[in-house]
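# Survey of secondary and tertiary structure
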Amino acid sequence: MEHASWARDLARQLLERPLPRRWAHTQGVAGRAESLAPLLAGEADLLAAAAWLHDIGYSPEIVDTGFHSLDGARYLRDVQGADERLCRLVAHHSCATYEATERGLHDTLVAEFDPERPELAEALTYCDMTTGPDGIHLDVGDRLAEIHSRYGPEHLVSRSISAATPCITSAVRAIESALPDVRTDVSG
């Protein structure tokens, strides 16, 4: 867990004090990622590292465009010299292309960061979209509803989440189907 340990320390540094609720969410997402280790064999450390780092783009220290996926991935690439696959996972986590489109940054996102292997992207989406803002497990329908209620119906995040819902629920379904004792609720 070499990358995951480094990622945890970096995420703590960037999120714990300025964004304690985001830090709680991140800890929950990382815990879910660690629970998927048996499914991922040699890529478990990469997924755990991505889970720790997926929301660092919200940190006031690194916000640039206001699109946290892109800002976090750029920071990892340009400042930290992080592994390319890790940067790609952060850039594209939780079907980020939908929000990139809403923000007019789709072309920038896809020009700078190729998507990562679908199974890893789905696993990270599962971890993020089944963890609430306080780090507790939620089913995907409740998580999507929570995002909508937090941002309101007209906010670009709500619009992008609405557009991304089929992508998100498909990713969650794919991972849940690989886990023998997880109930699936993707009713939205």
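Note: the structure precedes this text.
Residues numbered from 1 in each chain as written. Predicted model: local features only at pLDDT ≥ 70, side-chain atom pairs only at ≥ 80, totals over all residues. Heavy atoms only, no water.

## Here's the deal with the overall build of the protein chain
Note the cut-off: Secondary structure elements are defined from DSSP: runs of H or I of at least 4 residues count as helices, runs of E of at least 2 residues count as strands, and each element is numbered from the N terminus. Atoms counted for the radius of gyration: C-alpha only. Globule rule: 2.2 Å times residue count to the power 0.38. Three labels apply to residues, based on accessible area from a 1.4 Å probe with only protein chains included: buried if under 20% of the type maximum, exposed if over 50%, partly exposed otherwise in between. The contact definition used throughout considers only heavy atoms, calling two residues in contact when any of these lie within 4.5 Å. Only the protein chains shown count as covering a residue, and every accessible area follows the Shrake-Rupley method with a 1.4 Å probe. Here the positive residues are Lys and Arg and the negative ones are Asp and Glu; neither His nor the chain ends is included. Where a charge lies is defined by one atom per residue type: Lys uses NZ, Arg uses CZ, Asp uses CG and Glu uses CD.
What the protein chain contains, in helices and strands, is 11 helices and zero strands. Put simply, the protein chain runs from its N terminus to its C terminus through helices and strands in the order α-α-α-α-α-α-α-α-α-α-α. The C-alpha atoms of the protein chain give 15 Å as radius of gyration, which agrees with the globular expectation for 188 residues (16 Å, within 12%). Its C-alpha atoms put the protein chain at 40 × 40 × 30 Å along the principal axes. A total of 188 residues make up the protein chain; the buried ones form 51% of that total. A separation of at least 24 residues holds for 66% of the contacts in the protein chain among residues at least 6 apart in sequence. Accessible area for the protein chain stands at about 8500 Å²; split by element, carbon and sulfur atoms hold 50% of it. Counting 17 positive and 30 negative side-chain charges, the protein chain places the centres of these two groups 3 Å from one another.

## Section: the nonpolar core
Inside soluble globular proteins, nonpolar side chains tend to come together where they are buried. Quick reminder of the rule: Only buried residues count toward a nonpolar core, which is a set of Ala, Val, Leu, Ile, Met, Phe, Trp, Tyr and Cys residues joined through side-chain atoms within 4.5 Å.
In this structure, Leu-36, Leu-47, Leu-53, Ile-56, Leu-76 and Ile-168 are the most contacted members of the largest nonpolar core, which totals 56 residues. When contributions to this core are tallied by element, the ones reaching two or more residues are helix H1 (2–15), helix H2 (20–35), helix H4 (44–53), helix H5 (68–78), helix H6 (84–92), helix H9 (118–129), helix H10 (140–151) and helix H11 (156–178). At nine residues, the largest contribution of residues to this core is made by H4. When residues no more than four places from it in sequence are discounted, the contact partners of Leu-76 are Trp-6, Leu-10, Leu-53, Ile-56, Gly-81, Ala-82, Cys-87 and Val-90.

## Quick look at the pattern of salt bridges
Where we set the bar: Salt bridge, as applied in this entry: a Lys or Arg side-chain nitrogen positioned within 4 Å of an Asp or Glu carboxyl oxygen.
All chains considered together, the criterion is met by 20 salt bridges. The closest approach of N and O atoms between Arg-77 and Asp-78, which form a salt bridge, is 2.6 Å. Taking relative accessible area as the criterion, Arg-77 reaches 31% and is therefore assigned partly exposed. Two residues, Glu-84 and Arg-88, come together in a salt bridge whose shortest N-O distance is 2.9 Å. Pair noted here: Glu-84 and Arg-88 are both in helix H6, with a separation of four residues, about one helical turn. With relative accessibility at 54%, the residue Glu-84 sits in the exposed group. With relative accessibility at 15%, the residue Arg-88 sits in the buried group. It is possible to trace a salt-bridge network through shared partners that takes in Glu-43, Glu-84, Arg-85, Arg-88, Glu-116, Arg-117 and Glu-119.

## With respect to unusual backbone geometry
The general pattern is negative phi for most residues beyond glycine and trans for most peptide bonds. Positioned with a positive phi, Ser-94 is a non-glycine residue whose angle comes to about 55 degrees. Assignment of secondary structure puts Ser-94 in the loop between H6 and helix H7 (97–102). In this model, Cys-95 sits at a positive phi of 60 degrees, which is unusual for a non-glycine residue. Mapped onto the fold, Cys-95 is located in the loop between H6 and H7. The exposure class assigned to Cys-95 is buried, which follows from its relative accessible area of 9%.

## Describing the state of the cysteines
Structurally, a disulfide amounts to a covalent bond that connects the sulfur atoms of two cysteines. Applied cut-off: Criterion for a disulfide: a pair of cysteine sulfur atoms within 2.5 Å.
Here the structure, examined in full by the defined rule, presents one disulfide. Sulfur-sulfur distance for the disulfide between Cys-95 and Cys-167 comes to 2.1 Å. Taking the sign of the S-S torsion, about -85 degrees here, the bridge from Cys-95 to Cys-167 comes out left-handed. Taken together, the residues Cys-95 in the loop between H6 and H7 and Cys-167 in helix H11 connect sequence positions 72 residues apart. Unpaired in this structure, Cys-87 has its nearest cysteine sulfur neighbour in Cys-127, at a distance of 18 Å. Summary of cysteine pairing: Cys-127 is not part of a disulfide, and the nearest cysteine sulfur, belonging to Cys-95, is at 13 Å.

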